[in-house]
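A look at the structure
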There are 2 protein chains.
Amino acid sequence: MAKPKKTPRPKAITPKGFRDYFGTEVTERKHMLDQIAEVYHHYGFEALETSAVETVEALGKFLPDVDRPNEGVFAWQEDDSDWVALRYDMTAPLARVAAQYRQDLPSPYRRFAMGPVWRNEKPGPGRFRQFYQCDADTVGAPSVAADAEICAMLSDTLEAVGIKRGDYIIRVNNRKVLDGVLESIGLSEDLLRNPRPMSVSEAADALYAEMVRRNIEKISQADVLRQIDKFDKVHEAGVRELLTDGRKDDSGAFIDGVGLPLDAANKVIEFLTSKAETNEETLSRLEAAVADSKTGLEGVDELRQIADLLNTQGYGPDRIVIDPAVVRGLGYYTGPVYEAELTFEVTDEKGRVREFGSVAGGGRYDDLVKRFTGQAVPATGMSIGVDRLLAALRATKRIGSEEAGPVVVTVMDKARMGDYMQMVTELRQAGIRSEVYLGNPKNFGNQLKYADKRNSPVAIIQGGDEAEKGVVQIKDLILGAKIAQDATLEEWKDRPNQYEVPRDEMVAKVREIIESYQ
Amino acid sequence: MAKPKKTPRPKAITPKGFRDYFGTEVTERKHMLDQIAEVYHHYGFEALETSAVETVEALGKFLPDVDRPNEGVFAWQEDDSDWVALRYDMTAPLARVAAQYRQDLPSPYRRFAMGPVWRNEKPGPGRFRQFYQCDADTVGAPSVAADAEICAMLSDTLEAVGIKRGDYIIRVNNRKVLDGVLESIGLSEDLLRNPRPMSVSEAADALYAEMVRRNIEKISQADVLRQIDKFDKVHEAGVRELLTDGRKDDSGAFIDGVGLPLDAANKVIEFLTSKAETNEETLSRLEAAVADSKTGLEGVDELRQIADLLNTQGYGPDRIVIDPAVVRGLGYYTGPVYEAELTFEVTDEKGRVREFGSVAGGGRYDDLVKRFTGQAVPATGMSIGVDRLLAALRATKRIGSEEAGPVVVTVMDKARMGDYMQMVTELRQAGIRSEVYLGNPKNFGNQLKYADKRNSPVAIIQGGDEAEKGVVQIKDLILGAKIAQDATLEEWKDRPNQYEVPRDEMVAKVREIIESYQ
């Protein structure tokens with residue numbers, strides 16, 4: 001007879017790139033989200049919780065063009081053949097909500113949202129495919145006062161979660177200023193060699209001449225932005241190479257340059273490095289850099305307004321500063337851009353000391369709702385990288401100490417379970433976290449090992465003798481934490497960190513011990 | 001020239017069966033989850049947060065047998081051809097975690113988990129495909145003291161979130177007692193007519209004779225359980241019909257009966273209706289019902305232990321009671337089963353007055369980890385239907401009043417945005433939720449409409465005149481809530497619920513108004 005085929009046991013594993021969070025990992029994050037939500041709410045922002053699932057159509061950017069549109073997102077096809085996906089950020093759902101409920105929502109609509117997002121990306125060390133984001137956005141506010149408000153709120157939030165003033169800086173830049181700089185070098189739009197562009201400026205003519213000389217087909221704004229985005233990594237000299245002739249990267253591979261003439265590239269570098277001693281000086285330099293570009297001057301004016309508004313409210317450049325070196329997201333945003341960095345140093349996994357770096361960022365993006373309604377709606381907002389910020393607090397030891405476990409009432413006599421249950425009821429009613437040991441009570445050592453594993457401050461012991469005498473043994477486990485795990489009950493009883501008290505004094509004695517460690 | 005094809009605009013809609021939650025819908029749920037977590041934590045339970053995504057293999061029950069294993073779950077295939085899915089409850093991930101980390105977790109492992117779960121089911125009115133669950137389970141505790149503890153904790157939790165004592169009842173049953181009853185009617189296992197079963201008891205012989213007489217091929221325990229599960233809906237007479245000859249349902253369709261002889265069916269009904277005046281009396285009836293079935297008597301003994309333990313701790317039958325009519329989940333659980341019902345009456349959407357009904361349930365299931373490790377691990381736990389419980393609190397008006405919005409500082413003069421920002425900064429620093437109007441300030445009526453929509457208690461107005469005089473106008477919007485939305489500034493200024501105060505008394509006056517409504 002053929003052997004019946006056995007189904008193999010399923011593997012107990014988390015899917016690749018996902019992880020589990022235990023105990024304080026959960027509660028510390030929750031506590032931080034609570035603190036952040038309190039600040040957001042105080043600023044007049046309203047909570048919004050969308051579902052994890054969106055139509056692929058509404059998410060945009062990832063529309064299905066092949067059988068499975070799961071490039072970057074987790075997507076699947078519904079039975080009725082609609083494609084849906086897990087949200088990859090909080091902004092796309094906000095855009096959908098702002099369009100869907102535009103008749104009912106207040107305008108401006110200030111909303112905050114916190115929760116997991118999902119990315120279908122290759123997981124790596126410390127990079128997971130589900131992680132938390134915590135966003136605040138104002139939809140429908142054209143004024144840069146809205147951007148200034150987000151910056152002030154970000155500052156308050158960082159201090160609320162425990163980042164000390166001086167340990168962070170919020171840097172503000174503006175996409176429009178960069179656009180002005182690009183205009184000043186003749187790149188107000190992409191330049192093609194064929195057909196020859198109409199002359200728009202002297203700078204554009206010079207750029208075109210260089211294209212012809214170097215036999216370059218196209219210089220696009222996007223290429224310039226892509227190279228600028230590497231400023232944090234390859235610094236001034238690296239970006240200069242990337243904007244002109246190209247550069248060998250660390251691996252030895254050659255990265256083609258954009259093909260700008262050196263003086264044009266230098267103007268871009270000048271912009272990136274134009275942060276001066278004071279905001280006023282920085283703004284003057286920017287004014288010079290954008291020459292007579294209308295967009296550029298508008299951008300500088302916006303930055304000046306932001307700096308003034310923040311100054312009036314007491315947020316000086318020790319907290320929020322104009323800094324054109326903020327490049328992240330410049331390609332995506334349409335106006336002010338901001339980024340929060342933690343400036344204290346940490347030692348990374350390779351032993352190098354470095355600044356902790358970015359924990360939050362945002363900016364203005366005015367095409368948020370337009371995709372859906374055809375109508376441009378101004379919006380500005382930020383996203384806090386919750387897990388990064390938690391890591392920062394752990395690195396500075398502001399969180400992460402082990403939480404005290406519950407008081408454990410041990411079980412000496414199974415038949416008297418009611419008595420033990422009564423003890424925890426009294427303890428709980430007195431506000432003391434506690435529990436009865438509910439495993440197999442036979443091996444007393446296991447009960448103590450359990451209390452140890454739970455980081456319990458106190459264990460309570462009542463055998464038949466104690467019950468008869470109307471007393472309990474109270475073991476101070478913090479004092480005794482390091483004691484041999486296999487000690488017998490008798491050995492335990494002998495230790496000085498164990499107290500025999502009348503049954504009706506149990507709660508008071510336990511409280512006394514716990515409070516002595518607080 | 002052919003017209004370029006326009007991409008149609010995406011639709012701004014939530015996917016079918018999903019919904020968005022706004023403002024207090026989010027914060028009230030969050031508040032309730034916090035209250036529940038506090039009770040769980042106080043009982044010694046530890047937080048666990050698993051990711052939303054699990055391997056289909058680990059989820060079990062929904063293994064892929066066709067191209068797409070999305071019956072009941074949202075599942076998709078990873079690039080490397082592994083199937084993954086969104087969790088459909090909190091128990092399956094717990095089973096996976098308990099197996100995966102069994103060397104590291106304390107045993108017993110008390111854990112709680114709260115968060116959304118996803119069901120790929122046909123959505124209906126009030127039925128969504130994403131909803132919250134809030135679970136607490138004890139893994140590795142064989143003693144029924146663990147079941148009693150869950151019941152006590154459930155009672156404490158309901159009271160903590162605002163359900164008054166007397167407005168709920170937790171009913172406890174035991175699968176083993178039902179097994180005993182089935183044994184007593186000769187159905188200790190499925191009965192087949194062919195081959196004729198070995199005689200195991202007189203009752204089984206009688207059952208077999210009836211099968212032959214009625215020409216029935218098979219009577220299975222699962223069939224009996226399925227019919228019993230309808231007890232809440234079709235009541236005693238209905239279940240009797242379903243257990244014997246069958247029954248016409250409301251639509252006129254005929255449901256086949258299980259084919260039990262009438263006296264066997266009556267014994268099952270007797271079990272379901274054996275709740276008496278006192279727990280002791282109920283237990284006596286159950287003892288009689290299971291006759292000499294070892295499993296049945298064990299079940300009765302477990303119920304007695306649970307009742308005794310709870311009584312000792314002060315949880316009398318006014319809160320937790322033995323009631324064999326609890327049938328939900330009897331097919332799934334292996335020991336004690338419990339369910340919390342809210343007993344106050346509400347009027348349903350059809351205008352009928354009825355008891356609010358079940359909001360939480362749970363029980364003992366000992367095969368949790370076995371699927372993964374081959375080793376049986378005892379476990380017991382409960383799940384609270386968070387959305388149901390929120391609905392109950394809303395039905396009794398314990399939550400759901402509209403939250404006060406922020407104080408709104410209106411903008412009379414765009415150029416003085418800094419002054420307005422300074423006002424909110426002062427208000428916020430004084431702990432008062434507030435914001436500057438950040439929409440287009442041109443139409444003052446829109447600013448007041450906005451404050452109205454936000455349910456703002458107070459609006460602040462400072463035009464050029466007021467600025468010169470060093471005063472502000474403070475509008476009490478709660479008094480003025482119903483005032484015409486198109487009133488002009490001048491009309492507003494005339495109303496008695498508007499105060500002119502010196503600028504440096506603004507915060508004090510706003511506080512006075514807000515506090516007068518608290």
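Before reading on, note that the structure itself is shown above.
Conventions used here
- Each residue is numbered by its place in its chain's sequence as written, counting from 1.
- Just so you know, chain letters begin at A and ligand numbers begin at 1, following the order they were written in.
- In keeping with the predicted nature of the model, local features appear solely for residues at pLDDT of at least 70, side-chain atom pairs appear and are counted solely at 80 or more, and the whole-chain, interface and lining totals rest on all residues.
- For the side-chain quantities, the full set of heavy atoms in the structure was used; hydrogens and water were omitted.
- Salt bridges are counted wherever a side-chain nitrogen of Lys or Arg sits within 4 Å of a carboxyl oxygen of Asp or Glu.
- Per the convention used, a helix needs a DSSP run of H or I reaching at least four residues, while a strand needs a run of E reaching at least two, with both numbered from the N terminus.
- For every residue, the accessible area (1.4 Å probe, protein chains only) is compared with the maximum for its type, and the residue is labelled buried under 20%, exposed over 50%, or partly exposed between those bounds.
- We call two residues contacting when some pair of their heavy atoms lies within 4.5 Å.
- As used here, buried area is the combined drop in accessible area, with a 1.4 Å probe, of two parts when they are placed together.
- Just so you know the grouping, Ala, Val, Leu, Ile, Met, Phe, Trp, Tyr, Cys and Pro go in nonpolar, Asp, Glu, Lys and Arg go in charged, and all remaining residues, Gly too, go in polar.
- Any two strands with at least two DSSP bridges between them are considered paired.
- To line up the copies, we fit them by least squares on C-alpha atoms, keeping just the residues with pLDDT of at least 70 in both.
- Two joining distances apply to patches: 9 Å for like charges and 5 Å for nonpolar side chains (Val, Leu, Ile, Met, Phe, Trp, Tyr), and every residue must have over 30% relative accessible area and no salt bridge.
- Each accessible area value is a Shrake-Rupley result obtained with a 1.4 Å probe; residue values ignore everything except the protein chains displayed when judging cover.
- Lines fitted to C-alpha atoms define the axes, with helix axes restricted to the stretch in contact, and inter-axis angles between N-to-C directions lie between 0 and 180 degrees.

Turning our eyes to something else, we now look at the pattern of salt bridges. Side-chain pairing between opposite charges can occur once the charged atoms of the two side chains come close. Taken as a whole, this structure holds 87 salt bridges over all chains when the rule is applied. Arg394 of chain B is the partner of Glu28 of chain B in a salt bridge, and the nearest nitrogen-oxygen pair spans 3.3 Å. In this pair, Glu28 of chain B sits in helix H1 (residues 24-42) while Arg394 of chain B sits in helix H13 (residues 386-395), placing the two residues 366 residues apart along the sequence. Classification of Glu28 of chain B by relative accessible area gives buried; the value is 15%. One network of salt bridges, in which partners are shared, links Glu46, Arg110 and Glu149 of chain A together with Glu403, Arg428, Arg433, Glu435 and Arg454 of chain B.

On to the interface of chain B and chain A, then. Size of an interface, as often reported, equals the accessible area lost when the parts are brought together. At the junction of the two partners, chain B supplies 99 residues and chain A supplies 99 residues. Of all residues in chain B, His42, Glu49 and Leu438 of chain B give up the largest surface area on contact with chain A, accounting jointly for 9% of the area buried on that side. On inspection of chain B and its partner chain A, the count reaches 16 salt bridges. Residue Arg433 of chain B is joined to Glu46 of chain A by a salt bridge in which the shortest nitrogen-to-oxygen separation is 3.3 Å. Ranked by residues supplied to the side of chain B that touches chain A, first place goes to H1 of chain B with seven residues. Tallied by class, residues from the side of chain B that touches chain A come to 43 nonpolar, 28 polar and 28 charged. With two bridges joining them, strand S2 (residues 46-49) of chain A and strand S1 (residues 21-22) of chain B adopt antiparallel strand pairing. Looking at the pairing, Glu49 of chain A lines up with Tyr21 of chain B of S1 of chain B.

Turning our attention to the relation of the copies chain B and chain A. At an RMSD of 0.1 Å, chain B and chain A line up after a rotation of 180° and a shift of 0.0 Å along the axis. Each copy turns onto its partner about a two-fold axis. Taking C-alpha positions as reference, the residue of chain B nearest the rotation axis is Trp76 of chain B, located at 2.9 Å. A share of 100% of the interface residues of chain B reappears at the interface of chain A, consistent with the copies meeting face to face through the same patch.

Residues and elements named next belong to chain A. Taken together, Ile478, Leu479 and Tyr517 make up a surface patch of nonpolar side chains, about 290 Å² in accessible area. As for its position among the elements, Tyr517 is in the segment after helix H18 (506-516). Overall, the relative accessible area of 37% leaves Tyr517 in the partly exposed class.

We now examine the environment of Lys414 of chain B. Mapped onto the elements of the fold, Lys414 of chain B is located in the loop between strand S17 (407-409) and helix H14 (417-429). For the pair Lys414 of chain B and Lys442 of chain B, spaced 28 residues apart in the sequence, the C-alpha separation amounts to 8.9 Å.

In the segment running from Ser107 of chain A into Pro108 of chain A, the intervening peptide bond is cis, with an omega of 0°. Looking at where Pro108 of chain A falls in the secondary structure, it is placed in the loop between helix H3 (91-100) and strand S6 (109-118). In this structure, the amide linkage connecting Asn194 of chain B to the following residue, Pro195 of chain B, adopts the cis form with an omega of -5°. Mapped onto the elements, Pro195 of chain B comes out in the loop between strand S9 (191-192) and helix H6 (202-214). Notably, Ala291 of chain A is not glycine yet its phi reads approximately 50°, a positive angle.

Right, let's get into the sheet that holds strand S3 (residues 53-55) of chain A. Residues and elements named next belong to chain A. Read from one edge to the other, the open sheet built from three strands follows the order S3-S5-S4, with strand pairing classed as antiparallel. Because the sheet does not close on itself, it has two edges, and the strands there are S3 and strand S4 (75-77). Strand-to-strand twist of the sheet, defined as the mean angle between neighbouring strand axes without regard to direction, takes the value 30°. Sheet analysis places S3 next to strand S5 (residues 83-86), joined by three bridges and oriented antiparallel. Bridge pairing in S5 places Thr55 opposite Val84.

Right, let's get into the pairing of strand S14 (residues 336-347) of chain B. Residues and elements named next belong to chain B. Among the 12 residues in S14, nine count as buried, and that is most of the element. Alignment of strand S8 (residues 168-174) against S14, held across seven bridges, turns out to be antiparallel. Looking at S14, one finds that Ile169 is bridged to Glu341. Note: S14 against strand S15 (residues 353-364), nine bridges, orientation antiparallel. Bridge pairing in S15 places Glu339 opposite Gly361. Hairpin connection of S14 to S15: five residues between the antiparallel strands, including Gly351 at a positive phi of 85°.

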